[in-house]
Amino acid sequence: MKENKKLQYKTICVHSGGYVDEKTLGAVTPVYPSTSYAYLDMDIQQYPRAFNTPNQRVLADKIAALEHGEQALVFSSGMAAITSAFLALLGPGDHAVFQKGLYGGTTGLLTEDMNNFGREFTFTKGIQPEDFEKEIKPNTKFLYIETPSNPILNITDIKAIVELAKSRGLLTIIDNTFATPINQQSMDIGVDVVIHSATKYFGGHSDIIAGAVVADKNIIEKIRSMAHNLGGSLNAMDCYLLERSMKTLALRVEQQSANAMKIAEFLSVHNKVQRVYYPGLKDHTGHNTARKQMRGFGAMLSFELKDGMDPIKFQKSLEIFLPSMSLGGVESLICSPAMTSHSSLTPEQREKEGVKDTLLRLSAGIEDVEDLIADLNKNLK
Ligand SMILES: *Cc1c(COP(=O)(O)O)cnc(C)c1O
């Protein structure tokens, strides 16, 4: 397993991790589906649920290298990663502060289950450092952020949150699913724990469910020990598929981000579009912060149709964009947050989150952007 932390990110995508089979010197990692490994005279006792089989370790090494972290663990879903990290880093009676407007699954875990596990939490009322500071209590252990956030791509100032956390002796955890390490390397800014739904950009082909956590050795050891008991490790076949996918992560995300920028520019001057949310646009509230902390502005954008446009009819009329949930795949997707991720909220709650019924979220794929724009243009009427 190679250690390549000084390399640039595209090279890391291809070469970090990786396992050379000495017998054949094949170019790719062999798949080791075994759930039973010899233990006599071995350094470690390998078992898939212990996160230590060859396919799990090479993939974890690649992800850790990409995020500029020490170590990583790979999980069977993003939520398995999140649950394991929360329960490991928050003991019974401990408290954590969570940014408002998180991914729906994370919000569900907190509001439905965390109190039953004896863990306390508070959601912030805004995304400024003061909003986090207000909620810190004597038993607070970490601050949790998600930037850019779903669905209106709010940008949290990572450096400001890290400084606040450090001044209070707290950890900072980020869900970096939307940005990916190609666009945002938050560990360089001082974030302690990076979480991913690898189901999205890491997998990138809408056919793998997986998750990951990156942190230093001590934190990873705590999470590994909890996760070993909870279960939720990833099987060898999916580890292999994900390792394969990640070799093209940088190419895909750069193309997707460039496409998103062009689509955002096109929509922002269209007379059937009320408003566009994309951190790459100068009028986005988080644009200046995004410029500071992101390499590219990501491949997710949202926009509101003008009154009189029917969001369902519009989605059905598209030929290339698939009206479909999830995100991050090579194919461009469109969905209505009011009908999907935010459907359990009341219209008033949605309004407060900035999620109108006319809001549509795009996940830009890798297609030719001219075709994507033509598809939108033809049907915006
Ligand atoms: C999808 C997603 C998750 C959850 O990941 P799963 O792989 O679906 O379990 C967490 N955070 C964000 C930002 C996501 O988009």
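The preceding data block contains the structure.
This text gives an overview of the structure that appears in the document. No experiment lies behind these values; they were computed from the predicted model shown. (Residues numbered from 1 in each chain as written. Predicted model: local features only at pLDDT ≥ 70, side-chain atom pairs only at ≥ 80, totals over all residues. Heavy atoms only, no water.)

## Topic: the pattern of salt bridges
Two side chains bearing opposite charge may form a pair once their charged atoms approach each other closely.
Line of reasoning, step 1. All told, the structure shown has twelve salt bridges when counted by the stated rule.
Line of reasoning, step 2. Its salt-bridge partner being aspartate 94, residue lysine 141 comes within 3.9 Å of it at the nearest N-O pair. With lysine 141 in strand S4 (residues 140-146) and aspartate 94 in the loop between helix H3 (78-89) and strand S2 (95-98), the pair connects residues that are 47 residues apart, well separated along the chain.
Line of reasoning, step 3. Between aspartate 157 and lysine 292 there is a salt bridge, with its nearest N and O atoms 3.3 Å apart. Of this pair, aspartate 157 sits in the loop between S4 and helix H6 (158-167) while lysine 292 sits in helix H11 (residues 287-293), and the two are 135 residues apart along the sequence.
Line of reasoning, step 4. For lysine 292, a relative accessible area of 60% translates into the label exposed. (Salt bridge = Lys/Arg side-chain N within 4 Å of Asp/Glu carboxyl O. Helix = DSSP H or I, 4+ residues; strand = E, 2+ residues; numbered from the N terminus. Buried < 20%, exposed > 50% of the residue type's maximum accessible area, 1.4 Å probe, protein only.)

## A few points about helix H9 (residues 236-246)
Line of reasoning, step 1. Every buried residue belonging to H9 is among Ala236, Asp238, Cys239, Leu242, Glu243, Ser245 and Met246, and all of these are buried.
Line of reasoning, step 2. Those residues of H9 that are buried lie in contact with helix H1 (9-15), helix H2 (54-66), strand S1 (71-75) and helix H10 (249-268).
Line of reasoning, step 3. One side-chain oxygen of the residue at the start of H9 lies 3.1 Å from the amide nitrogen of methionine 237, identifying that residue as asparagine 235. (Contact = heavy atoms within 4.5 Å. Polar contact = N/O pair within 3.5 Å; in protein donor to acceptor, adjacent residues only side chain to side chain.)

## A short note on the sheet that holds strand S9 (residues 300-305)
Sheets are built from strands paired through backbone hydrogen bonds, the pairs being either parallel or antiparallel.
Line of reasoning, step 1. Spatially, S8-S9-S12-S11-S10 is the arrangement adopted by the five strands of the open sheet, whose pairing is mixed. Edge strands, defined here as strands with exactly one partner in the open sheet, are strand S8 (273-277) and strand S10 (322-323).
Line of reasoning, step 2. Relative to the sheet, H10 contacts S8, S9 and strand S12 (359-363), its axis offset from that of S9 by approximately 15 degrees. (Pairing = 2+ DSSP bridges. Axes fitted to C-alpha atoms, helices over the stretch in contact; angles between N-to-C directions.)

## Digging into the site of the ligand
Line of reasoning, step 1. Taken together, 14 residues are adjacent to the ligand, and Met79, Asp175, Ser197, Thr199 and Lys200 come closest.
Line of reasoning, step 2. In this structure, an oxygen atom belonging to the ligand sits 2.5 Å away from a side-chain N or O atom of threonine 199.
Line of reasoning, step 3. The separation between an oxygen atom of the ligand and a polar side-chain atom of lysine 200 is 2.7 Å.
Line of reasoning, step 4. In the complex, 94% of the free accessible area of the ligand, which totals 380 Å², lies under the protein chains.
Line of reasoning, step 5. For the shell around the ligand, the leading source of residues is H3, giving three residues.
Line of reasoning, step 6. Among the residues forming the shell around the ligand, the class breakdown is six nonpolar, five polar and three charged. (Near = heavy atom within 4 Å. Areas by Shrake-Rupley, 256 points an atom, 1.4 Å probe, with all protein chains shown as cover. Nonpolar A, V, L, I, M, F, W, Y, C, P; charged D, E, K, R; others polar.)

## Thoughts on the environment of glutamine 349
Line of reasoning, step 1. Structurally, glutamine 349 is set in helix H13 (residues 347-352).
Line of reasoning, step 2. A relative accessible area of 40% places glutamine 349 in the partly exposed class.
Line of reasoning, step 3. Reaching out from glutamine 349, the side chain makes a polar contact with the backbone nitrogen of threonine 346 at a distance of 2.9 Å.

## A word on the packing of aromatic side chains
Line of reasoning, step 1. Scanning the model with the defined rule gives twelve aromatic pairs in all.
Line of reasoning, step 2. When the centroid spacing of 6.4 Å and the interplanar angle of 85 degrees are considered together, the rings of phenylalanine 98 and phenylalanine 121 count as edge-to-face. Taken together, the residues span a long stretch of sequence, with phenylalanine 98 in strand S2 and phenylalanine 121 in strand S3 (residues 120-123) at a distance of 23 residues.
Line of reasoning, step 3. Since its relative accessible area comes to 18%, phenylalanine 121 is described here as buried.
Line of reasoning, step 4. Pairing tyrosine 278 with phenylalanine 297 gives two aromatic rings, centres 6.5 Å apart and planes at 75 degrees, and the pair type is edge-to-face. One end of the pair, tyrosine 278, is in the loop between S8 and H11; the other, phenylalanine 297, is in the loop between H11 and S9, and 19 residues separate them in sequence.
Line of reasoning, step 5. An aromatic cluster of three or more residues is present, and its members are Phe86, Phe98, Phe121, Phe123, Phe142 and Tyr144. (Phe/Tyr/Trp six-rings, centres within 6.5 Å; stacked < 30°, edge-to-face > 60°.)

## A look at H10
Line of reasoning, step 1. Taking 1.5 Å as the rise per residue, H10 with 20 residues should run 28 Å; its terminal C-alpha atoms sit 28 Å apart, in good agreement.
Line of reasoning, step 2. Along H10, the residues that are buried comprise Leu249, Ala250, Arg252, Val253, Gln256, Ser257, Asn259, Ala260, Ile263, Ala264, Phe266 and Leu267. (Expected span 1.5 Å × (residues − 1).)

## Remarks on the pairing of S1
Line of reasoning, step 1. Within S1, four of the five residues are buried, which leaves it mostly tucked inside the rest of the structure.
Line of reasoning, step 2. Pairing of S1 with strand S7 (residues 211-215), which is carried by five bridges, proceeds in the antiparallel orientation. Paired with glutamine 71 across the two strands is alanine 215, which belongs to S7.

## Quick notes on the pairing of S3
Line of reasoning, step 1. Relative to S3, S2 runs parallel, the two sharing four bridges. Across the sheet, phenylalanine 98 pairs through a bridge with phenylalanine 123, a residue of S3.

Geometric descriptors of this kind do not, in isolation, establish any biological role.
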